[in-house]
Amino acid sequence: MEKKYLFSPGPTMLPSEILLKMAEPVMHHREPEFEKVFAEIREGLKYLFQTKNEVMTFTSSGTGAMEGAVSNLLSAGDKAIVVRGGKFGERWGEICKAYKIEFVPIDVEWGRAVDPRKVLEILQSDPKIRAVYTQASETSTGVRHPVQEIAEIVKRFENTVMVVDAITGIGVFDIPMDAWGLDAVVSGSQKALMLPPGLSFAALSDKAWKFVEKSNLPKFYFDFKKELKNTKKNQSSYTPAISLFIGLRESLRMIRKEGREAVFRRHERLAEATRRAVKAIGLELYAPDSPSEACTAVKFPAGIDGEKLKALFFERFGITVAEGQEQAKGKIIRIAHLGYYDRLDMIMVISALEMLLKEMNHPFELGAGVRAAEEVLMK
Ligand SMILES: Cc1ncc(COP(=O)(O)O)c(C=O)c1O
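Owing to the predicted nature of the structure, the values given are computational and were not obtained by experimental measurement.

Conventions we followed
- Residues numbered from 1 in each chain as written.
- Predicted model: local features only at pLDDT ≥ 70, side-chain atom pairs only at ≥ 80, totals over all residues.
- Heavy atoms only, no water.
- Helix = DSSP H or I, 4+ residues; strand = E, 2+ residues; numbered from the N terminus.
- Rg over C-alpha atoms; globule rule 2.2 N^0.38 Å.
- Buried < 20%, exposed > 50% of the residue type's maximum accessible area, 1.4 Å probe, protein only.
- Areas by Shrake-Rupley, 256 points an atom, 1.4 Å probe, with all protein chains shown as cover.
- Pairing = 2+ DSSP bridges.
- Axes fitted to C-alpha atoms, helices over the stretch in contact; angles between N-to-C directions.
- Contact = heavy atoms within 4.5 Å.
- Near = heavy atom within 4 Å.
- Polar contact = N/O pair within 3.5 Å; in protein donor to acceptor, adjacent residues only side chain to side chain.
- 1 Å grid on protein atoms, 1.4 Å probe; cavity = no way out; pocket = protein on both sides within 12 Å on 5 of 7 lines; lining within 4 Å.
- Sits in = over half its atoms within 2 Å of the grid points.
- Nonpolar A, V, L, I, M, F, W, Y, C, P; charged D, E, K, R; others polar.
- Core = buried A, V, L, I, M, F, W, Y, C linked by side-chain atoms within 4.5 Å.
- Salt bridge = Lys/Arg side-chain N within 4 Å of Asp/Glu carboxyl O.
- Right-handed = clockwise from strand over helix to strand, strands pointing away.

Student: Explain the overall build of the chain to me, please; I cannot follow it from the model alone.
Tutor: Tallying secondary structure elements over the chain gives 14 helices and 14 strands in all. Whereas a compact globule of 379 residues would reach a radius of gyration of roughly 21 Å, the chain reaches 21 Å, a difference of no more than 12%. Dimensions along the principal axes, computed over C-alpha positions, put the chain at roughly 60 × 55 × 35 Å. Residues classed as buried in the chain amount to 60% of the 379 residues present. Roughly 15800 Å² of accessible area belongs to the chain as shown, and the carbon and sulfur atoms make up 52% of that amount.

The following block contains the structure:
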C-alpha cells in the first residue's frame, strides 16, 4: 500500500471535513439556501483579509484575480511598477503586457527580497506610475517581500495604488490589509484555504475603488464593479463553483475556530522547524534573508540534482514536493507548509528528505534534520 502526500505550495493537502462537505449534492446558486452560504463566506473572508470592504470571489485560479487587478485598476496610458523576483512577479509583467500597460520592472535576484527604496526612487522620478504590483510571498523562490514597507511608501502617492498578490500569503502570515493600507489584495483557494484549485479572491480599498471607477481597460468576466454589486446581494455574477463555495464556508469556519493569530503562529513554527532541519542536514536555504512561511526552498550542492530528488520523493514515498522553475530548475526543491499541515507532517517530509539524501550519498548524520525540527516543534 502507498499513500500519497502533497507537499507542494499549491495545490496542498485537504482536510476530510472540507472534502466531505464538497461531496454533498450540488445546490442551486440562485436559491436562498446558497445566499446564506454566500453571506457567511463574505464575513469569513473579511476576517481573513482583515478588511472592512468586500472580498470578491471568482471561479478561476489565482491568476484570474491577478488579471482583474490590472484590467480594473488601470486605464490606457497608465504605467506600473512590477517587482520581478520570481515566476509570479514575472506574471504581473506578462499581464500588464497583455493589456498594453507599460511597466518599470524592479528585477530582484531570485532568492532575495525587494528593496523598498527602489520603489520610492521610481515613484519619485515617474509621475505616470499608477500602480505597484508585487507578491507578498514569491512562491517560486520561497521569498517574503516587505509589503508593509512598500505600502508605507505608496501611501504617500495619492495617484498610485499598492497591489499585492497574496496567493501564498493570506492565511499564512499576518497581512492586515486595512491596517497596512494595501489597496488591492488577491488570493486563491488551493493554498492556505485548504481547498482544491478553482477560486480566486480580490479585495480593494476605498482608494482602489476610485481607480476602478475611472478604469477604461477592456474587461468582462473579471469585472470588479459588477461583481461587487452582486457580492453585496449574496450573488455571484455567473454560475459559481458551488461545491467549492461550500468547501470554502467550511474552511473559513475552521480558520476562525483555530483563530487567525494561531494559524499564523502554526505556519511560523512549521517554517522555522523546516529551515532548521535543512541547515542541520548541511543544506542551504535558497531565500536565506527573507524566507516565506508558505514554503521552504532548499538549495542543493553541485552533486545533487533537484529534479531527480523530486522524482525520488514520489517514487519512494508518494510525496509530491515542488521543483525549481526556470533559472532555479534542478537547483532547488520547495517544501510546502501552508494550509492543512501540522507538526508531524513536517517530521515526515524531513525524514523522507534525509533518507533520499543518504541514498544520494550526501554526507550528514542521519536524523540530524528530524532532531533539529523536533527541537523547534516541542517548544
Ligand atoms: C504567489 C503566486 N502567485 C500566483 C500564482 C498563480 O496562481 P494560479 O496558478 O492559481 O493561477 C501562484 C500559484 O502557485 C502563486 O503561488
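Next, the rest of the story.
Student: Can you help me understand the sheet that holds strand β2 (residues 55-59) in this one?
Tutor: Picture the strands of a sheet paired through backbone hydrogen bonds; they go either parallel or antiparallel. The strand order across the open sheet formed by seven strands is β2-β10-β9-β8-β5-β3-β4, and the pairing between neighbours is mixed. Looking at strand neighbours, the two that pair on one side only are β2 and β4 (102-107), the edges of this open sheet. Pairwise comparison of adjacent strand axes, ignoring direction, gives a mean angle of 20 degrees for this sheet. Contacts between helix α2 (residues 32-49) and the sheet are confined to β2, β9 (184-188) and β10 (199-204), with β2 contributing the most and set at about 110 degrees to the helix. Those strands touched by helix α9 (residues 224-231) are β2 and β10, and its axis lies near 105 degrees from that of β2.

Student: Whenever I open this one, the site of the ligand confuses me. Can you help?
Tutor: Residues in close proximity to the ligand total 13 residues, the closest being S61, T63, T139, D165 and K191. Interatomic distance of 2.6 Å between a side-chain N/O atom of D165 and a nitrogen atom of the ligand. In the complex, 88% of the free accessible area of the ligand, which totals 390 Å², lies under the protein chains. In this structure the site holding the ligand corresponds to the second largest pocket. Listed by contribution, the elements that provide at least two residues to the shell around the ligand are α3 (62-71) and α4 (87-98). With three residues, the top contributor of residues to the shell around the ligand is α3. Of the residues that constitute the shell around the ligand, the class distribution is three nonpolar, seven polar and three charged.

Student: Teacher, can you tell me more about the sheet that holds strand β11 (residues 284-285) here?
Tutor: Reading across from one edge, β1-β13-β14-β12-β11 is the order of the five strands in this open sheet, with mixed pairing throughout. Each of the sheet's edge strands pairs with one partner strand only, and the pair in question is β1 (5-7) and β11. Sheet topology note: the strand β12 (residues 295-299)/strand β14 (residues 332-336) ladder contains five bridges and is antiparallel. Each bridged residue has a counterpart across the sheet, and for A297 the counterpart in β14 is R334. Where helix α12 (residues 306-317) meets the sheet, its contacts fall on β1, β13 (319-323) and β14, and the angle it forms with β13 comes to roughly 170 degrees.

Student: What is the right way to look at the nonpolar core in this model?
Tutor: If you look at soluble globular proteins, the nonpolar side chains tend to sit buried side by side. In terms of nonpolar packing, the biggest core is built from 94 residues, with L182 and F313 touching the most fellow members. Of all hydrophobic cores here, the second largest spans 32 residues; its members include M56, A65, L73 and W209.

Student: Sorry, what's going on with unusual backbone geometry here?
Tutor: It is generally the case that most residues other than glycine have a negative phi and that most peptide bonds are trans. Cis peptide bonds are those with omega within 30 degrees of zero, and the linkage from G10 to P11 qualifies with -5 degrees. Among the structural elements, P11 can be located in the loop between β1 and α1 (16-22). A positive phi is found at Q50, a non-glycine position, where the angle reads about 55 degrees. Mapped onto the fold, Q50 is located in the loop between α2 and β2. Notably, K100 is not glycine yet its phi reads approximately 60 degrees, a positive angle.

Student: Which parts of the structure should I look at to understand the pattern of salt bridges?
Tutor: Under the counting rule described, the total for this entry stands at 23 salt bridges. With a closest N to O distance of 2.7 Å, R42 and E54 form a salt bridge. Of this pair, R42 sits in helix α2 while E54 sits in the loop between α2 and β2; the two residues are twelve residues apart in sequence, bridging distant segments of the chain. Each member of the pair R42 and E54 is classed as buried. Between K52 and D206 there is a salt bridge, and its shortest N-O distance comes to 3.0 Å. Here D206 lies in helix α8 (residues 206-214) and K52 lies in the loop between α2 and β2, a separation of 154 residues in the sequence. A single salt-bridge network, built from bridges that share partners, covers R42, E43, K46 and E54.

Student: Would you mind going over the environment of V298 with me for this structure?
Tutor: Within the secondary structure, V298 is located in strand β12. For V298, a relative accessible area of 0% corresponds to the buried category. Separated by 36 residues in the primary sequence, V298 and A262 have C-alpha atoms spaced 26 Å apart. Ignoring sequence-local partners within four residues, the contact set of V298 consists of V278, L283, E284, K331, I332, I333 and I335.

Student: How should the pairing of strand β3 (residues 79-84) be read in this particular structure?
Tutor: Put simply, side chains in a regular strand alternate between the two faces of the sheet. The buried count for β3 comes to five of six residues, which makes it a mostly enclosed element. The sheet contact formed by β3 and β4 spans six bridges and is parallel. If you follow R84 over to β4, its bridge partner there is D107. Crossover connection from β3 via α4 to parallel β4: handedness right-handed. Sheet analysis places β3 next to strand β5 (residues 129-135), joined by four bridges and oriented parallel.

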